[in-house]
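# Descriptive structure summary
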Amino acid sequence: MSEVSEMRPEALVRDDADARRLLQWALGVFQKWPEEFGGFSAAMRCCDGSRTVDGEVCVFPGGRVMLDVGCDDALTAWVQGALSAISWARTPRFFKDGEGRFPITFEPDDGHHLGRGVRVHLGDGAWRTYRVDFKGRIRQQEDAELARRATVTYDDFIRTCPGRTLPRRIRLRQCDATTDSVVETAEIADLYERRSHVWLPVGRRAVVAEMANRREFAFELTAHRLL
């Protein structure tokens, strides 16, 4: 067997320097926490349309979240997951340690209304495509694996520091990759405020639909304290 035939398909992808530069710039538009940021604590109130739960929360960089709410159910699991995702998204990381590790190419220029497509070839048949609009903002991210496909669309933004933004309205969609049937959708509205020199989450409202089951969740954070 030849050396080329033993190589995985992604190893044969020719990296596009222009696509790489565009994606690195676009990812840098999202507001991040400072590198020395240690996290924050806050008072929390969360609800699911039928009840309200009060508690405390500590959020750390890298997705770690500690809840103190005195219960463990679907509502608190949603809050935990939501704050963990926000933490991951706001934690700074070098491009070379993330998407920059993989080959990056442009998608065919299809005139998509959300912008130019840039694909990250993750290997083993998995890929991630970003849509970058004319302002250099990422408007959509699509992740594809063998079993599932997930799409995140950013419909509105909060302007933070000059040249930086935070997503304010987000739509999520998960599909079964084999049947293309929709497994779950979510419509999310986020609110951030600047505390000292850091932009912190102060609230999220979400409508989550899974099959025929539709749920509404929300949390509000107050009395933030930097750790």
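Quantities reported herein were computed from a predicted structural model and do not represent experimental measurements.

Another point: helix α2 (residues 74-90). Since the α-helix packs 3.6 residues into each turn, any two residues three or four apart lie on the same face. The terminal C-alpha atoms of α2 lie 24 Å apart, and with 17 residues this matches the ideal 24 Å at 1.5 Å per residue to within 8%. With a side-chain oxygen positioned 3.2 Å from the backbone nitrogen of Leu75, the residue opening α2 is Asp73.

Turning our attention to the pattern of salt bridges. Oppositely charged side chains may form a pair once their charged atoms are brought near each other. The tally for this structure, following the rule as stated, stands at 19 salt bridges. The salt bridge involving Arg51 is made with Asp48; its shortest N-O contact spans 3.7 Å. Note on Asp48: relative accessible area 22%, which makes it partly exposed. Ionic pairing is found between Asp143 and Arg128, a salt bridge with its closest N-O pair at 2.4 Å. Of the two residues, Asp143 is situated in strand β7 (residues 138-144) and Arg128 in strand β6 (residues 126-132); the sequence distance between them amounts to 15 residues. As far as burial versus exposure is concerned, Asp143 and Arg128 are alike and both buried. Linked through salt bridges whose partners overlap, the residues forming this network are Asp48, Arg51 and Asp73.

Conventions we followed
Residues numbered from 1 in each chain as written. Predicted model: local features only at pLDDT ≥ 70, side-chain atom pairs only at ≥ 80, totals over all residues. Heavy atoms only, no water. Helix = DSSP H or I, 4+ residues; strand = E, 2+ residues; numbered from the N terminus. Expected span 1.5 Å × (residues − 1). Polar contact = N/O pair within 3.5 Å; in protein donor to acceptor, adjacent residues only side chain to side chain. Salt bridge = Lys/Arg side-chain N within 4 Å of Asp/Glu carboxyl O. Buried < 20%, exposed > 50% of the residue type's maximum accessible area, 1.4 Å probe, protein only.

The quantities given are spatial measurements derived from coordinates; they are silent on function.
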